[in-house]
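Each chain is listed here by its residues.
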Amino acid sequence: MLDPCTFVIFGSTGHLARTKLLPALYHLDRAGRLTDDMAVVCVGRRAWDTPYWRDEASKILQAKLGEALDSEVLNRFRGRLQYFRADIHDEEAFKRLQEVLETTPNFPANAVFYLSLAPTEYRPVARHLADNGLSEETSGWRRLVIEKPFGYDLEDAQVLNHSLHRGFAEQQIFRIDHYLGKETVQNVFVFRFANLMLEPLWNRNYIDHVQITHSETAGIEDRAAYYDGAGALRDMIQSHLLQMLTLVAMEPPAILDAESLRDEKVKVLKSIRPIPKSAVHAQAFRAQYGRGRIDSREAPSYLEEEGVAERSTTETYAALKLYIDNWRWRHVPFYLRTGKRMARSSSQISIRFKHPPQQLFRETQIAEIPPNWLLLGIQPEQCLRAELQVREGGIGMRTRTTQLDASTCTQTGYRLDAYEALLLDVIEGDHSLFLRYDEVNWAWQVVDPILKVWSIERDFIHTYPAGSWGPKEGDRLFEREDQKWRDSLMEENR
Ligand code: BG6
(Lines give C-alpha, C1' and ligand atoms only; values in the text may rest on other atoms or scores of the structure.)
Protein backbone atom coordinates (compact mmCIF):
# COMPACT_ATOMS: atom_id res chain seq x y z
CA MET A 1 0.00 0.00 0.00
CA LEU A 2 1.12 3.54 -0.66
CA ASP A 3 2.02 6.04 2.00
CA PRO A 4 -0.94 8.26 2.84
CA CYS A 5 -0.42 11.74 1.44
CA THR A 6 -1.98 15.08 0.66
CA PHE A 7 -1.76 15.72 -3.04
CA VAL A 8 -1.66 19.44 -3.80
CA ILE A 9 -2.23 20.51 -7.40
CA PHE A 10 -1.26 24.03 -8.42
CA GLY A 11 -3.12 25.08 -11.55
CA SER A 12 -5.94 22.66 -10.91
CA THR A 13 -8.41 24.38 -13.22
CA GLY A 14 -5.91 24.34 -16.12
CA HIS A 15 -5.68 22.08 -19.16
CA LEU A 16 -3.31 19.46 -17.78
CA ALA A 17 -5.15 19.03 -14.51
CA ARG A 18 -8.48 18.69 -16.29
CA THR A 19 -7.34 16.35 -19.05
CA LYS A 20 -4.76 14.20 -17.26
CA LEU A 21 -4.30 14.68 -13.53
CA LEU A 22 -7.88 14.50 -12.27
CA PRO A 23 -8.72 11.51 -14.50
CA ALA A 24 -5.51 9.78 -13.42
CA LEU A 25 -6.25 10.27 -9.72
CA TYR A 26 -9.83 9.14 -10.24
CA HIS A 27 -8.60 5.96 -11.98
CA LEU A 28 -6.13 5.25 -9.19
CA ASP A 29 -8.98 5.63 -6.73
CA ARG A 30 -11.11 3.24 -8.76
CA ALA A 31 -8.26 0.73 -8.84
CA GLY A 32 -8.03 0.93 -5.04
CA ARG A 33 -4.52 2.37 -5.13
CA LEU A 34 -5.15 5.43 -2.94
CA THR A 35 -5.25 5.24 0.82
CA ASP A 36 -8.60 6.07 2.42
CA ASP A 37 -7.30 9.27 3.93
CA MET A 38 -5.57 10.64 0.83
CA ALA A 39 -6.69 14.22 0.19
CA VAL A 40 -6.42 16.15 -3.07
CA VAL A 41 -6.04 19.88 -2.50
CA CYS A 42 -6.74 21.83 -5.67
CA VAL A 43 -5.26 25.29 -5.79
CA GLY A 44 -6.98 27.75 -8.11
CA ARG A 45 -7.38 31.49 -8.53
CA ARG A 46 -11.11 31.54 -9.14
CA ALA A 47 -13.56 32.49 -6.41
CA TRP A 48 -14.86 28.95 -5.93
CA ASP A 49 -15.29 26.82 -2.86
CA THR A 50 -14.99 23.12 -2.25
CA PRO A 51 -18.64 22.13 -2.98
CA TYR A 52 -18.52 24.10 -6.23
CA TRP A 53 -15.18 22.56 -7.21
CA ARG A 54 -16.43 19.06 -6.48
CA ASP A 55 -19.29 19.66 -8.93
CA GLU A 56 -16.88 21.10 -11.51
CA ALA A 57 -14.52 18.18 -11.15
CA SER A 58 -17.43 15.76 -11.55
CA LYS A 59 -18.38 17.50 -14.79
CA ILE A 60 -14.79 17.31 -16.02
CA LEU A 61 -14.66 13.59 -15.28
CA GLN A 62 -18.09 13.02 -16.75
CA ALA A 63 -17.07 14.76 -19.98
CA LYS A 64 -13.83 12.78 -20.16
CA LEU A 65 -15.03 9.34 -19.10
CA GLY A 66 -18.70 9.33 -20.07
CA GLU A 67 -20.40 6.05 -19.27
CA ALA A 68 -17.24 4.58 -17.80
CA LEU A 69 -17.61 6.89 -14.80
CA ASP A 70 -18.58 4.88 -11.74
CA SER A 71 -20.87 6.84 -9.44
CA GLU A 72 -19.70 5.12 -6.27
CA VAL A 73 -16.04 5.82 -7.04
CA LEU A 74 -16.92 9.34 -8.11
CA ASN A 75 -18.57 9.99 -4.76
CA ARG A 76 -15.55 8.73 -2.90
CA PHE A 77 -13.23 10.74 -5.13
CA ARG A 78 -15.31 13.92 -4.70
CA GLY A 79 -14.90 13.53 -0.97
CA ARG A 80 -11.12 13.75 -1.33
CA LEU A 81 -11.23 17.05 -3.20
CA GLN A 82 -10.67 20.34 -1.42
CA TYR A 83 -10.54 23.68 -3.16
CA PHE A 84 -7.94 26.14 -1.97
CA ARG A 85 -8.37 29.58 -3.46
CA ALA A 86 -5.07 31.38 -3.91
CA ASP A 87 -3.18 33.75 -6.11
CA ILE A 88 0.17 32.04 -6.52
CA HIS A 89 1.93 35.40 -6.65
CA ASP A 90 0.72 36.24 -3.19
CA GLU A 91 3.08 35.00 -0.52
CA GLU A 92 0.35 35.22 2.12
CA ALA A 93 -1.50 32.46 0.30
CA PHE A 94 1.38 30.08 0.98
CA LYS A 95 1.25 30.89 4.68
CA ARG A 96 -2.42 30.01 4.63
CA LEU A 97 -1.68 26.84 2.70
CA GLN A 98 0.92 25.86 5.25
CA GLU A 99 -1.61 26.37 8.04
CA VAL A 100 -4.30 24.42 6.23
CA LEU A 101 -1.95 21.51 5.62
CA GLU A 102 -0.71 21.51 9.20
CA THR A 103 -4.00 21.97 10.96
CA THR A 104 -6.62 20.10 8.97
CA PRO A 105 -6.95 16.97 11.08
CA ASN A 106 -7.56 14.47 8.29
CA PHE A 107 -4.80 15.66 5.93
CA PRO A 108 -1.84 13.25 5.91
CA ALA A 109 1.49 14.92 6.72
CA ASN A 110 3.25 13.64 3.59
CA ALA A 111 2.63 16.01 0.70
CA VAL A 112 3.10 16.15 -3.05
CA PHE A 113 3.14 19.59 -4.67
CA TYR A 114 2.35 19.20 -8.33
CA LEU A 115 3.12 22.31 -10.38
CA SER A 116 0.71 22.10 -13.27
CA LEU A 117 1.49 25.68 -14.18
CA ALA A 118 3.05 27.80 -16.87
CA PRO A 119 6.83 27.19 -16.82
CA THR A 120 7.48 30.76 -15.72
CA GLU A 121 5.59 30.03 -12.48
CA TYR A 122 7.76 27.11 -11.32
CA ARG A 123 10.42 29.26 -9.74
CA PRO A 124 8.26 31.65 -7.72
CA VAL A 125 5.94 28.90 -6.52
CA ALA A 126 8.80 26.62 -5.45
CA ARG A 127 10.39 29.55 -3.66
CA HIS A 128 7.19 30.48 -1.82
CA LEU A 129 6.70 26.85 -0.81
CA ALA A 130 10.20 26.67 0.60
CA ASP A 131 10.02 30.09 2.27
CA ASN A 132 6.92 28.99 4.11
CA GLY A 133 8.38 25.78 5.42
CA LEU A 134 6.43 23.58 3.04
CA SER A 135 9.51 21.78 1.76
CA GLU A 136 10.65 20.79 5.25
CA GLU A 137 10.32 17.13 6.01
CA THR A 138 9.81 17.40 9.74
CA SER A 139 6.67 15.35 10.11
CA GLY A 140 6.41 13.63 6.73
CA TRP A 141 7.98 13.66 3.29
CA ARG A 142 7.51 16.56 0.84
CA ARG A 143 7.83 16.11 -2.94
CA LEU A 144 7.76 18.60 -5.77
CA VAL A 145 6.67 17.61 -9.27
CA ILE A 146 7.77 19.85 -12.12
CA GLU A 147 6.21 19.55 -15.55
CA LYS A 148 8.05 19.98 -18.81
CA PRO A 149 9.42 22.05 -20.43
CA PHE A 150 11.90 22.38 -17.61
CA GLY A 151 12.99 25.94 -18.35
CA TYR A 152 12.73 27.96 -21.52
CA ASP A 153 16.19 27.18 -22.84
CA LEU A 154 19.52 25.86 -21.61
CA GLU A 155 20.35 28.90 -19.54
CA ASP A 156 16.91 29.25 -18.06
CA ALA A 157 16.87 25.55 -17.12
CA GLN A 158 20.13 26.05 -15.22
CA VAL A 159 18.72 29.01 -13.33
CA LEU A 160 15.52 27.11 -12.57
CA ASN A 161 17.40 24.09 -11.30
CA HIS A 162 19.61 26.18 -9.10
CA SER A 163 16.64 27.98 -7.69
CA LEU A 164 14.70 24.76 -6.93
CA HIS A 165 17.67 23.40 -5.05
CA ARG A 166 17.60 26.36 -2.70
CA GLY A 167 14.41 25.01 -1.18
CA PHE A 168 14.27 21.34 -2.13
CA ALA A 169 16.79 18.50 -2.07
CA GLU A 170 17.27 16.51 -5.28
CA GLN A 171 15.40 13.47 -3.84
CA GLN A 172 12.38 15.71 -3.32
CA ILE A 173 12.26 16.85 -6.97
CA PHE A 174 10.43 14.85 -9.65
CA ARG A 175 10.92 16.22 -13.18
CA ILE A 176 8.15 14.55 -15.05
CA ASP A 177 8.11 13.47 -18.68
CA HIS A 178 4.88 11.56 -19.03
CA TYR A 179 6.14 9.67 -22.09
CA LEU A 180 8.31 7.61 -19.78
CA GLY A 181 5.12 6.40 -18.12
CA LYS A 182 3.66 5.03 -21.35
CA GLU A 183 3.60 1.26 -21.46
CA THR A 184 5.07 0.84 -24.91
CA VAL A 185 7.81 3.33 -24.23
CA GLN A 186 8.80 1.14 -21.29
CA ASN A 187 8.38 -1.84 -23.53
CA VAL A 188 11.19 -0.53 -25.75
CA PHE A 189 13.47 -1.21 -22.84
CA VAL A 190 12.14 -4.71 -22.20
CA PHE A 191 12.06 -5.54 -25.89
CA ARG A 192 15.70 -4.58 -26.28
CA PHE A 193 17.14 -6.04 -23.13
CA ALA A 194 14.98 -9.08 -22.49
CA ASN A 195 15.52 -10.53 -25.99
CA LEU A 196 18.86 -11.65 -27.28
CA MET A 197 17.86 -11.88 -30.93
CA LEU A 198 17.99 -8.22 -31.74
CA GLU A 199 21.09 -7.16 -29.93
CA PRO A 200 23.58 -8.23 -32.65
CA LEU A 201 21.58 -6.19 -35.18
CA TRP A 202 21.05 -3.13 -33.00
CA ASN A 203 23.83 -0.94 -34.33
CA ARG A 204 25.25 1.00 -37.26
CA ASN A 205 26.20 -2.16 -39.17
CA TYR A 206 22.59 -3.18 -39.73
CA ILE A 207 20.37 -0.19 -39.03
CA ASP A 208 19.93 2.33 -41.82
CA HIS A 209 18.09 4.94 -39.79
CA VAL A 210 15.61 5.44 -36.98
CA GLN A 211 12.44 7.56 -37.09
CA ILE A 212 10.49 8.79 -34.10
CA THR A 213 7.19 10.44 -34.94
CA HIS A 214 4.51 11.97 -32.76
CA SER A 215 1.57 13.45 -34.63
CA GLU A 216 -1.71 14.87 -33.40
CA THR A 217 -4.88 15.91 -35.16
CA ALA A 218 -5.62 18.31 -32.30
CA GLY A 219 -4.53 21.89 -32.57
CA ILE A 220 -3.35 23.94 -29.65
CA GLU A 221 -6.79 23.90 -28.02
CA ASP A 222 -7.00 26.58 -25.33
CA ARG A 223 -3.24 26.64 -24.69
CA ALA A 224 -2.12 29.57 -26.86
CA ALA A 225 -0.78 31.46 -23.84
CA TYR A 226 1.73 28.67 -23.27
CA TYR A 227 2.17 27.23 -26.74
CA ASP A 228 2.79 30.41 -28.69
CA GLY A 229 5.82 31.06 -26.51
CA ALA A 230 6.99 27.45 -26.62
CA GLY A 231 6.50 25.80 -30.02
CA ALA A 232 6.79 22.16 -31.02
CA LEU A 233 10.54 21.83 -30.48
CA ARG A 234 10.32 22.83 -26.83
CA ASP A 235 6.91 21.25 -26.25
CA MET A 236 7.60 17.77 -27.61
CA ILE A 237 11.10 17.21 -28.94
CA GLN A 238 13.28 18.54 -26.14
CA SER A 239 11.48 16.22 -23.75
CA HIS A 240 9.31 13.36 -25.02
CA LEU A 241 10.98 12.58 -28.35
CA LEU A 242 14.52 12.84 -27.03
CA GLN A 243 13.56 10.56 -24.16
CA MET A 244 12.26 7.97 -26.61
CA LEU A 245 15.49 8.32 -28.55
CA THR A 246 17.54 7.59 -25.45
CA LEU A 247 15.64 4.35 -24.84
CA VAL A 248 16.19 3.19 -28.40
CA ALA A 249 19.87 4.10 -28.37
CA MET A 250 21.09 3.44 -24.82
CA GLU A 251 23.38 0.66 -23.61
CA PRO A 252 21.98 -1.74 -21.01
CA PRO A 253 22.41 -0.30 -17.51
CA ALA A 254 24.60 -2.18 -15.05
CA ILE A 255 21.65 -2.72 -12.74
CA LEU A 256 18.04 -1.72 -12.88
CA ASP A 257 17.97 1.21 -10.52
CA ALA A 258 17.08 4.82 -11.16
CA GLU A 259 20.65 6.13 -11.22
CA SER A 260 22.10 3.44 -13.51
CA LEU A 261 19.23 3.90 -15.94
CA ARG A 262 19.62 7.64 -15.99
CA ASP A 263 23.41 7.36 -16.33
CA GLU A 264 22.93 5.44 -19.58
CA LYS A 265 20.37 7.88 -20.94
CA VAL A 266 22.72 10.77 -20.20
CA LYS A 267 25.52 9.04 -22.12
CA VAL A 268 23.31 8.93 -25.21
CA LEU A 269 22.33 12.59 -24.94
CA LYS A 270 25.95 13.56 -24.40
CA SER A 271 26.94 11.68 -27.54
CA ILE A 272 24.51 13.49 -29.80
CA ARG A 273 26.60 15.47 -32.26
CA PRO A 274 26.13 19.18 -31.50
CA ILE A 275 24.41 21.08 -34.28
CA PRO A 276 26.41 24.17 -35.19
CA LYS A 277 24.38 27.23 -36.16
CA SER A 278 25.53 26.81 -39.75
CA ALA A 279 23.95 23.33 -39.89
CA VAL A 280 20.60 24.22 -38.36
CA HIS A 281 18.86 24.42 -41.75
CA ALA A 282 20.28 21.10 -42.84
CA GLN A 283 19.29 19.35 -39.63
CA ALA A 284 16.12 21.04 -38.47
CA PHE A 285 12.88 22.05 -40.10
CA ARG A 286 9.87 23.90 -38.76
CA ALA A 287 6.43 24.75 -40.04
CA GLN A 288 3.04 25.98 -38.88
CA TYR A 289 -0.43 24.74 -39.75
CA GLY A 290 -2.61 26.69 -42.09
CA ARG A 291 -6.31 26.14 -42.66
CA GLY A 292 -7.38 22.69 -43.64
CA ARG A 293 -9.73 19.86 -42.84
CA ILE A 294 -9.66 17.45 -39.93
CA ASP A 295 -12.17 14.60 -39.88
CA SER A 296 -13.96 16.29 -42.79
CA ARG A 297 -14.47 19.46 -40.79
CA GLU A 298 -12.90 22.86 -41.52
CA ALA A 299 -10.00 23.61 -39.20
CA PRO A 300 -8.64 27.14 -38.68
CA SER A 301 -5.03 28.05 -39.25
CA TYR A 302 -2.70 28.45 -36.28
CA LEU A 303 -2.74 32.23 -36.74
CA GLU A 304 -6.52 32.19 -36.42
CA GLU A 305 -6.45 30.35 -33.09
CA GLU A 306 -7.52 32.44 -30.13
CA GLY A 307 -4.63 34.03 -28.28
CA VAL A 308 -1.96 33.51 -30.94
CA ALA A 309 0.11 36.60 -31.75
CA GLU A 310 -0.79 38.24 -35.07
CA ARG A 311 2.34 37.39 -37.02
CA SER A 312 3.55 34.53 -34.90
CA THR A 313 6.20 32.29 -36.42
CA THR A 314 5.90 29.70 -33.65
CA GLU A 315 6.31 26.23 -35.10
CA THR A 316 3.54 23.67 -34.69
CA TYR A 317 5.62 21.14 -36.63
CA ALA A 318 9.28 20.39 -36.04
CA ALA A 319 11.59 17.79 -37.47
CA LEU A 320 15.24 17.06 -36.70
CA LYS A 321 18.04 14.89 -37.94
CA LEU A 322 20.44 13.85 -35.21
CA TYR A 323 23.56 11.74 -35.10
CA ILE A 324 24.83 9.90 -32.07
CA ASP A 325 28.59 9.82 -32.21
CA ASN A 326 29.36 6.61 -30.38
CA TRP A 327 30.49 3.15 -31.43
CA ARG A 328 27.02 1.77 -31.75
CA TRP A 329 25.40 4.55 -33.74
CA ARG A 330 27.97 6.62 -35.60
CA HIS A 331 26.59 7.73 -38.99
CA VAL A 332 23.07 6.40 -38.36
CA PRO A 333 20.60 9.27 -38.70
CA PHE A 334 17.82 9.56 -36.14
CA TYR A 335 14.89 11.50 -37.59
CA LEU A 336 12.49 13.03 -35.10
CA ARG A 337 9.27 14.79 -36.02
CA THR A 338 6.20 16.08 -34.30
CA GLY A 339 3.24 18.17 -35.33
CA LYS A 340 -0.16 19.46 -34.32
CA ARG A 341 -3.11 19.28 -36.72
CA MET A 342 -1.60 16.43 -38.67
CA ALA A 343 -3.39 13.77 -40.68
CA ARG A 344 -3.63 11.31 -37.78
CA SER A 345 -2.86 11.08 -34.09
CA SER A 346 -0.16 8.56 -33.44
CA SER A 347 3.25 8.00 -31.93
CA GLN A 348 5.61 5.45 -33.30
CA ILE A 349 9.24 4.46 -33.52
CA SER A 350 10.23 3.02 -36.89
CA ILE A 351 13.60 1.38 -37.35
CA ARG A 352 14.72 0.70 -40.88
CA PHE A 353 17.36 -1.91 -41.54
CA LYS A 354 19.89 -1.83 -44.34
CA HIS A 355 19.55 -3.79 -47.55
CA PRO A 356 21.25 -7.18 -47.62
CA PRO A 357 24.80 -6.75 -48.90
CA GLN A 358 24.40 -9.03 -51.89
CA GLN A 359 21.95 -8.25 -54.72
CA LEU A 360 21.14 -11.92 -55.11
CA PHE A 361 17.73 -11.43 -56.70
CA ARG A 362 18.78 -8.85 -59.29
CA GLU A 363 18.14 -11.13 -62.26
CA THR A 364 14.66 -12.18 -61.10
CA GLN A 365 11.26 -10.45 -61.21
CA ILE A 366 12.08 -8.81 -57.92
CA ALA A 367 13.20 -5.39 -58.99
CA GLU A 368 13.97 -4.08 -55.55
CA ILE A 369 13.50 -5.78 -52.23
CA PRO A 370 12.01 -3.50 -49.59
CA PRO A 371 14.16 -3.28 -46.47
CA ASN A 372 13.17 -4.79 -43.12
CA TRP A 373 11.50 -2.52 -40.62
CA LEU A 374 10.93 -2.85 -36.93
CA LEU A 375 7.92 -0.86 -35.78
CA LEU A 376 7.10 0.12 -32.25
CA GLY A 377 3.65 1.62 -31.94
CA ILE A 378 3.36 3.80 -28.86
CA GLN A 379 -0.21 5.02 -29.36
CA PRO A 380 -3.02 4.61 -30.18
CA GLU A 381 -1.95 1.12 -31.20
CA GLN A 382 0.56 -0.44 -28.83
CA CYS A 383 2.53 -2.92 -30.82
CA LEU A 384 5.84 -4.41 -31.82
CA ARG A 385 6.04 -5.44 -35.41
CA ALA A 386 8.80 -6.69 -37.66
CA GLU A 387 8.49 -6.50 -41.43
CA LEU A 388 10.14 -9.29 -43.34
CA GLN A 389 10.20 -10.40 -46.96
CA VAL A 390 8.74 -13.76 -47.90
CA ARG A 391 8.37 -15.51 -51.20
CA GLU A 392 5.03 -15.05 -52.93
CA GLY A 393 3.48 -18.39 -53.99
CA GLY A 394 3.26 -19.24 -57.67
CA ILE A 395 5.49 -19.27 -60.69
CA GLY A 396 8.57 -17.08 -60.78
CA MET A 397 10.42 -15.35 -58.02
CA ARG A 398 8.33 -12.70 -56.34
CA THR A 399 8.35 -11.48 -52.76
CA ARG A 400 5.96 -9.69 -50.53
CA THR A 401 6.25 -8.01 -47.19
CA THR A 402 4.78 -9.72 -44.20
CA GLN A 403 4.49 -8.50 -40.63
CA LEU A 404 5.38 -10.47 -37.55
CA ASP A 405 3.25 -9.03 -34.85
CA ALA A 406 4.12 -9.13 -31.18
CA SER A 407 1.39 -6.67 -30.27
CA THR A 408 0.73 -6.10 -26.65
CA CYS A 409 -2.60 -4.41 -27.33
CA THR A 410 -4.54 -7.64 -27.25
CA GLN A 411 -3.50 -8.33 -23.68
CA THR A 412 -6.27 -8.02 -21.18
CA GLY A 413 -6.15 -6.71 -17.66
CA TYR A 414 -5.90 -3.31 -16.13
CA ARG A 415 -3.53 -0.98 -17.91
CA LEU A 416 -2.09 2.03 -16.22
CA ASP A 417 -2.17 5.27 -18.15
CA ALA A 418 1.14 7.18 -18.18
CA TYR A 419 0.07 9.75 -15.60
CA GLU A 420 -1.42 7.11 -13.33
CA ALA A 421 1.83 5.17 -13.32
CA LEU A 422 3.93 8.25 -12.70
CA LEU A 423 1.74 9.66 -9.93
CA LEU A 424 2.08 6.33 -8.15
CA ASP A 425 5.85 6.53 -8.57
CA VAL A 426 5.91 9.99 -7.02
CA ILE A 427 3.96 8.76 -4.02
CA GLU A 428 6.25 5.73 -3.78
CA GLY A 429 9.33 7.94 -4.12
CA ASP A 430 10.67 6.08 -7.18
CA HIS A 431 12.73 8.34 -9.46
CA SER A 432 13.43 5.82 -12.23
CA LEU A 433 10.99 7.32 -14.71
CA PHE A 434 11.75 10.94 -13.83
CA LEU A 435 14.48 13.07 -15.26
CA ARG A 436 17.69 13.88 -13.49
CA TYR A 437 18.87 17.39 -14.12
CA ASP A 438 21.84 16.37 -16.25
CA GLU A 439 19.44 14.66 -18.68
CA VAL A 440 17.42 17.83 -18.99
CA ASN A 441 20.57 19.85 -19.40
CA TRP A 442 21.94 17.66 -22.20
CA ALA A 443 18.59 17.61 -23.95
CA TRP A 444 18.60 21.40 -23.93
CA GLN A 445 22.11 21.40 -25.36
CA VAL A 446 20.80 19.44 -28.33
CA VAL A 447 17.99 21.84 -29.20
CA ASP A 448 19.43 25.13 -27.98
CA PRO A 449 21.33 26.08 -31.18
CA ILE A 450 18.19 25.47 -33.21
CA LEU A 451 16.05 27.56 -30.88
CA LYS A 452 18.58 30.38 -31.10
CA VAL A 453 18.58 30.42 -34.91
CA TRP A 454 14.78 30.14 -35.14
CA SER A 455 14.30 32.90 -32.60
CA ILE A 456 15.98 35.42 -34.86
CA GLU A 457 14.44 34.19 -38.11
CA ARG A 458 11.01 35.61 -37.54
CA ASP A 459 10.02 36.69 -41.04
CA PHE A 460 9.01 33.41 -42.55
CA ILE A 461 7.82 29.95 -41.65
CA HIS A 462 6.64 27.16 -43.95
CA THR A 463 2.99 26.21 -43.60
CA TYR A 464 1.07 22.97 -44.11
CA PRO A 465 -2.64 22.42 -44.43
CA ALA A 466 -4.28 21.21 -41.21
CA GLY A 467 -4.96 17.51 -41.66
CA SER A 468 -1.82 16.78 -43.69
CA TRP A 469 1.49 15.12 -42.85
CA GLY A 470 3.40 18.43 -42.91
CA PRO A 471 5.18 20.24 -45.71
CA LYS A 472 7.09 18.42 -48.41
CA GLU A 473 10.01 20.80 -47.91
CA GLY A 474 10.71 19.00 -44.63
CA ASP A 475 11.91 15.99 -46.61
CA ARG A 476 15.16 17.82 -47.21
CA LEU A 477 16.38 16.44 -43.89
CA PHE A 478 16.73 12.97 -45.34
CA GLU A 479 20.18 11.83 -46.28
CA ARG A 480 19.09 9.90 -49.33
CA GLU A 481 16.14 9.70 -51.69
CA ASP A 482 15.14 6.24 -50.56
CA GLN A 483 14.56 7.50 -47.04
CA LYS A 484 11.11 8.92 -46.31
CA TRP A 485 8.78 9.39 -43.40
CA ARG A 486 6.94 6.33 -42.34
CA ASP A 487 3.46 7.52 -41.39
CA SER A 488 1.86 4.24 -40.53
CA LEU A 489 2.36 0.88 -38.89
CA MET A 490 0.54 -0.76 -41.75
CA GLU A 491 2.53 -1.97 -44.69
CA GLU A 492 0.09 -0.91 -47.41
CA ASN A 493 -0.14 2.71 -46.31
CA ARG A 494 3.48 3.52 -46.86
C1 BG6 B 1 2.33 17.32 -23.79
C2 BG6 B 1 2.40 18.47 -24.74
O3 BG6 B 1 3.49 17.23 -23.02
O4 BG6 B 1 2.15 16.13 -24.53
C5 BG6 B 1 1.15 18.55 -25.61
O6 BG6 B 1 2.54 19.68 -24.01
C7 BG6 B 1 0.92 17.23 -26.29
O8 BG6 B 1 1.24 19.59 -26.55
C9 BG6 B 1 0.96 16.09 -25.30
O10 BG6 B 1 -0.34 17.28 -26.92
C11 BG6 B 1 0.90 14.75 -25.98
O12 BG6 B 1 0.76 13.77 -25.02
P13 BG6 B 1 -0.08 12.46 -25.29
O14 BG6 B 1 0.11 11.64 -24.09
O15 BG6 B 1 -1.49 12.91 -25.50
O16 BG6 B 1 0.51 11.87 -26.52
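Residues numbered from 1 in each chain as written. Predicted model: local features only at pLDDT ≥ 70, side-chain atom pairs only at ≥ 80, totals over all residues. Heavy atoms only, no water.

**Here we look at the overall build of the protein chain**
Note the following rule: Only DSSP runs of H or I covering at least 4 residues are called helices, and only runs of E covering at least 2 are called strands; the numbering of each starts at the N terminus. The contact rule is simple, with two residues in contact once any of their heavy atoms fall within 4.5 Å. Areas reported here follow the Shrake-Rupley algorithm with a probe of radius 1.4 Å; residue values treat only the protein chains shown as occluding. Counted as positive: Lys and Arg. Counted as negative: Asp and Glu. His and the chain ends are not counted at all. Here the site of a charge means atom NZ of a Lys, CZ of an Arg, CG of an Asp or CD of a Glu.
In terms of helices and strands, the protein chain carries 13 helices and 18 strands. Projected onto the principal axes, the alpha-carbon positions of the protein chain cover approximately 85 × 50 × 45 Å. Sequence separation of at least 24 residues holds for 78% of the intrachain contacts in the protein chain that already meet a minimum separation of 6. For the protein chain, the computed accessible surface area is about 22400 Å², with 50% contributed by carbon and sulfur atoms. In the protein chain, the 62 positive side-chain charges and the 71 negative ones have mean positions that sit 4 Å from each other.

**Regarding the pairing of strand β8 (residues 284-290)**
The condition that has to hold: Exposure is judged per residue with a 1.4 Å probe applied to protein chains only, and the accessible area is read against the type maximum: over 50% gives exposed, under 20% gives buried, and values in between give partly exposed. If DSSP finds at least two bridges between two strands, the strands pair.
Along β8, 7 of the 7 residues are buried, which leaves the element largely enclosed by surrounding structure. What you see with β8 is no split at all: Ala-284, Arg-286, Gln-288 and Gly-290 on one side and Phe-285, Ala-287 and Tyr-289 on the other are buried throughout. Relative to strand β18 (residues 462-465), β8 is paired through 4 bridges, and the arrangement is parallel. Counted as the bridge partner of Gln-288 is Thr-463 from β18.

**Overview of the nonpolar core**
Heads up, the condition is: Residues grouped as a nonpolar core are buried Ala, Val, Leu, Ile, Met, Phe, Trp, Tyr and Cys residues, joined through side-chain atoms within 4.5 Å.
Within the largest apolar cluster, 150 residues are counted, with the highest numbers of intra-cluster contacts made by Phe-7, Phe-10, Leu-129, Phe-334, Leu-336, Ile-349 and Ile-351. Looking at this core, the element that brings in the most residues is helix α9 (residues 232-249), giving 11 residues. With residues near it in sequence (within four places) discarded, Phe-10 still touches Val-43, Ile-88, Phe-94, Leu-97, Phe-113, Tyr-114, Leu-115, Ser-116, Leu-117, Val-125 and Leu-129.

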